[in-house]
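# Coordinate inspection notes
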Amino acid sequence: MVVNGLYPAVAGLDADPAAVATTAGAHLREGEADALRAAAVFRRQREQLQREQVARLAVGLPLPQLHLPFLFTTDIGPAEIDGLAAALADAVRALPAPVAR
């Protein structure tokens, strides 16, 4: 089963943007830290929902899953098709070997 449009996991979503900016020697303008916090909350919720739905699919339809990434673009061209084809090929290669009966 192909599961399409999966967001990649992102590390560091719990970090405080203001603290990270200070550590990096950068300055955030007024409101940017709040916007980054809101974006991180959205992303964590999206990733949690995605995990729940992938697990629900695994229970409801117990077949091997081939995961394809979400493309953060509306322009799908040869490079994007190549990327999806590579992801699909990698997922197929990662499938367990069939059990002989």
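Refer to the structure printed above.
Here is what the cut-offs are and how they apply
All residue numbers refer to position in the chain's written sequence, counted from 1. It should be noted that, the model being predicted, local features are given only for residues of pLDDT at least 70 and side-chain atom pairs only at 80 or more, the latter also being counted only at that level, while totals for whole chains, interfaces and linings use all residues. Each side-chain value is worked out from all heavy atoms of the structure, with water and hydrogens disregarded. Starting at the N terminus, helices and strands are each numbered in turn, a helix being any DSSP run of H or I of at least four residues and a strand any DSSP run of E of at least two. Working rule for helices: expected span equals 1.5 Å times residues minus one. Each residue is assigned to one of three classes by its accessible area relative to the maximum for its type, calculated with a 1.4 Å probe on protein chains only: buried under 20%, partly exposed between the two thresholds, exposed over 50%. By definition in these notes, contact holds between two residues if any of their heavy atoms fall within 4.5 Å. For salt bridges, the criterion is a side-chain nitrogen of Lys or Arg within 4 Å of an Asp or Glu carboxyl oxygen.

We now examine helix 2 (residues 32–60). The periodicity of an α-helix, 3.6 residues per turn, causes residues three or four positions apart to be oriented the same way. The end-to-end C-alpha distance of helix 2 is 42 Å, a good match for the 42 Å that 29 residues give at a rise of 1.5 Å each. Those residues of helix 2 that fall on the buried side of the exposure criterion are Ala33, Ala40, Arg43, Glu47, Gln50 and Val54. Against the buried residues of helix 2 lie strand 1 (2–6), helix 1 (17–23) and strand 2 (66–69).

This paragraph deals with the pattern of salt bridges. For the structure shown, the criterion picks out 6 salt bridges. A salt bridge links Arg37 to Asp34, with the nearest nitrogen and oxygen atoms 2.8 Å apart. Of the two residues, Arg37 and Asp34 both sit in helix 2, 3 residues apart, roughly one turn of that helix. Overall, Arg37 belongs to the partly exposed group, its relative accessible area being 32%. The class for Asp34 is exposed, based on a relative accessible area of 52%. The shortest N-O distance in the salt bridge between Arg93 and Asp90 comes to 2.5 Å. Remark: Asp90 and Arg93 occur in helix 3 (residues 78–93); sequence separation between them is 3 residues, near one turn of the helix.

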